[in-house]
Structure formats: structure tokens, C-alpha cells
Amino acid sequence: VGDVDDLAAELRLLAVVLGRPPRTVVAGGGLLGLEAAGGLAELGADSAIVHSGNWLMSAQLDEGAGRSLGRLIAERGITMHLGARPHAILTTRDAVSAVELTDGRTIAADLIVFAIGIAARDELAAAAGIEVAPRGGIVVDAACRSSDPRVWAVGEVAHVHDRCVGLVAPANAMAEVVADRLLGGAAEFASIDDATKLKLAGVEVASFGDAFARTDGALEVVYADPARGLYQKIVVSDDARTLLGGVFVGDAAPYLTLRPMLGRELGSEPATYLSAS
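Cut-offs applied
- Counting restarts for each chain, with residues numbered from 1 along the sequence as it is written.
- Where local features are concerned, this predicted model is filtered to residues with pLDDT of at least 70; where side-chain atom pairs are given and counted, the filter is 80 or more; whole-chain, interface and lining totals use all residues.
- With hydrogens and water set aside, each side-chain value is computed from the structure's full complement of heavy atoms.
- Under the scheme used here, helices are H or I runs from DSSP no shorter than 4 residues and strands are E runs no shorter than 2 residues, and both carry numbers assigned from the N terminus.
- Each residue is placed in one exposure class: buried if its accessible area under a 1.4 Å probe, protein chains only, is under 20% of its type's maximum, exposed if it is over 50%, and partly exposed if it falls in between.
- Any N or O atom pair separated by 3.5 Å or less is treated as a polar contact, with the protein-specific requirement of one donor-capable and one acceptor-capable atom, and with residues adjacent in sequence counted only for side-chain atom pairs.
- Patch rule: a residue counts if its relative accessible area is over 30% and it has no salt bridge; like charges are joined within 9 Å, and nonpolar side chains (Val, Leu, Ile, Met, Phe, Trp, Tyr) within 5 Å.
- Residue exposure ignores everything except the shown protein chains as possible cover, and the areas themselves are Shrake-Rupley values with a 1.4 Å probe.
- The rule for a salt bridge is simple: a side-chain nitrogen of Lys or Arg has to be within 4 Å of a carboxyl oxygen of Asp or Glu.
- Positive charge is attributed to Lys and Arg, negative charge to Asp and Glu, and no charge count is given to His or to the chain ends.
- By convention, the charge on Lys lies at NZ, on Arg at CZ, on Asp at CG and on Glu at CD.
- Residue contacts are counted whenever heavy atoms from the two residues lie within 4.5 Å of one another.
- Whether two strands pair comes down to DSSP finding at least two bridges between them.
- Fitted lines through C-alpha atoms give the axes, limited to the stretch in contact for helices. The angle between two N-to-C directions lies from 0 to 180 degrees.
- In this description, a nonpolar core means a group of buried Ala, Val, Leu, Ile, Met, Phe, Trp, Tyr and Cys residues linked to one another through side-chain atoms lying within 4.5 Å.
- Each residue after the first adds 1.5 Å to the expected span of a helix.

(A) A look at the side chain of S47. Mapped onto the elements of the fold, S47 is located in strand β2 (residues 46-51). Taking the relative accessible area as the measure of exposure, S47 reaches 0% and is therefore buried. At 3.0 Å, the side chain of S47 forms a polar contact with the backbone oxygen of A37.

(B) Region of interest: a negative patch on the surface. A contiguous patch of negative charge on the surface is contributed by D3, D5, D6 and E10. The topology assignment puts D3 in helix α1 (residues 2-18). You can call D3 exposed: its relative accessible area is 67%.

(C) Local environment of the side chain of D62. Looking at the secondary structure, you find D62 in the loop between β2 and α3 (63-75). Here the side chain of D62 touches A65 through a polar contact of 2.9 Å, landing on its backbone nitrogen. Setting aside chain neighbours within four positions, we find D62 in contact with W55, F212, E220, Y231 and K233.

(D) Highlighting the sheet that holds strand β3 (residues 79-82). Ordered by their spatial adjacency, 4 strands build an open sheet running β3-β2-β1-β7, and the pairing between neighbours is parallel. The strands lining the two open edges of the sheet, one partner per strand, are β3 and β7 (111-114). Direction aside, neighbouring strands of the sheet carry axes that sit 20 degrees apart on average.

(E) Looking closely at the pairing of strand β12 (residues 205-209). The buried fraction of β12 is high, at 4 of 5 residues. Examined bridge by bridge, strand β11 (residues 196-197) and β12 share 2 bridges and lie antiparallel to one another. From the neighbouring strand, T196 faces β12, where its bridge partner is S207. Both β12 and strand β15 (residues 243-249) contribute to a ladder of 5 bridges, which runs antiparallel. Considered in β15, the bridge of V205 is made with V249.

(F) Examining the pairing of strand β4 (residues 86-92) more closely. Relative to strand β5 (residues 95-101), β4 runs antiparallel, the two sharing 6 bridges. Each residue of the ladder has a partner; that of T92, found in β5, is A95. Between the antiparallel neighbours β4 and β5 lie 2 residues, among them R93 with a positive phi of about 50 degrees.

(G) Here's a closer look at the pattern of salt bridges. According to the stated counting rule, one finds 11 salt bridges in the structure shown. Note that R228 is salt-bridged to D225, the shortest N-O span being 3.4 Å. The exposure class of R228 is exposed, given its relative accessible area of 53%. Taken together, the shared-partner salt bridges connect R20, R23 and D110 into one network.

(H) Structural context of the nonpolar core. L69 and I73 are the most contacted members of the largest nonpolar core, which has 28 residues in total. When near neighbours in sequence (up to four residues on either side) are disregarded, L69 contacts L34, L56, M57, L61, L198, V203, V205 and V249.

(I) Up close: α3. Taking 1.5 Å as the rise per residue, α3 with 13 residues should run 18 Å; its terminal C-alpha atoms sit 18 Å apart, in good agreement. If you follow the buried residues of α3, they end up packed against α2 (31-42), β2, β3, β12, β14 (230-236) and β15. Just downstream of α3, G77 is the residue with a positive phi angle, here 85 degrees.

Pasting the structure below:
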């Protein structure tokens, strides 16, 4: 909360000093980056996003969903610079003046916000001789126990199932596993619940489960209306019965109904769950 308040105060100060809307650049087109860019725009800034992927929220959305989201974001007056990363921050008289991208483009900027994910603070564990992953994070097993049997790790610092996860739901699930183990139970952290929902007024986005249909034999049932920025997809098993995941952009109403049904057999044809059908 303090960071947000400081950012809003700096934006107001820049508007007074510059005598115009501040030009802001947000590095990162994921959940936090989009929410930051949207918030800056609502505060009156000229807002732009720089994202390394070829479409927004590329870690959670497939291309069709990402392109539809891009249309909705552009309609809000937010500029997008995709397929590149910040390379250098340019200054004039000790003040930020622009961002140079890896593809050679230069974007004018008075304020830059980085929203590029998490970095596990695993220094203490490493110094204690506990195993950490090559790209960071304390390596834990299904019981969330580290290489030292006296030490557990949960949340963003835990490297479980080959990755660290910066989401609340998996962190809570890990904490429940550890609590059960400390009480003599045998609970395990079996899978990562990486369901996400964008909290940006006027833009509905949600994804859950196997959103990219990576499961063998998975089927994708899709409804898309690019002109409206609408994209809805349900991923089901090869017999079209079991729900494996979904992606919704523009109208995420089915998400609330479908997410609790993840891994269960659907009661009717998959297409009937799409609000656009």
C-alpha cells in the first residue's frame, strides 16, 4: 500500500512540475503490470506498457486471448510495446526522459514502473547449505520440506514442481500442508492452483487450470469475436467430458461457475458453458 501511495504522490508532483500529464512506462505486461498501467491511466497519466511477449499476459493466456485483451487495453488509451524489453533508462538533467528498448525503439517517459515478477529471497537458505534451484528458490518436496528435514518453505520462496509461484492460492495451500505435517499428518502439495483473474475496472480476464491445453488429447472449445475483444475457451479431456481449464477475455462470467468444477465431469456439452453461445 505504501508503494502505491508513493507512486500516486510522485505522479501528482510530476503533473504540477511538468504542466502536463506525466508520460509513464510500465515494464511487464502480466497481471501486476496491467493493473499498474490501468491505475496510472486513471490518475491522468499517459500510460504505456513494455512487454517481452508477443501478447499481453503471455504466461496465462494463449495468443487468441492475449490479442483480444490487447484490443481492450488499447481502447483504454494505453499504448503497448510488445516483443521487447527495456535496455536502458535515459535521463536529462538527472530526471528520467526515456526508455530504450532491446529492439532499438525509444519511448519518452517521465516515470517508469517495473512489474516483472518475483525473485525468491533464498540467500539465508543458501548460506545455511540448504539446496536452492539454479534460477532461485528453496527446493522443496511434496511435503514442502527442504533438503534440511528441519526446514520447510512455502510461498514465493519455495521451488516446488520445478518452479516458484508468485500467487496467493498456492502459498495458502503449501501452508496448510506444512501445518498438517507439523501435527503428524501426511498431506502433500500435489499440484499448483495458478488460476488468475485480472482486477482492472472495465476489463474482464480470467484463466485457470490447463489453459494452454498441454494435457495429452486435450480438446479446446473456443468462441472468439476479435472486433469486440471477446474470447472464451474451455479445455476438456479427449472425450469432451472432464474440465481441464479455461480462458476468458471480455466476458469472464463463466469463470465463477467453471473453476470449482476443475477436474470434474461436466453436466452438459462444453459449449453450453460459454456465455457467448
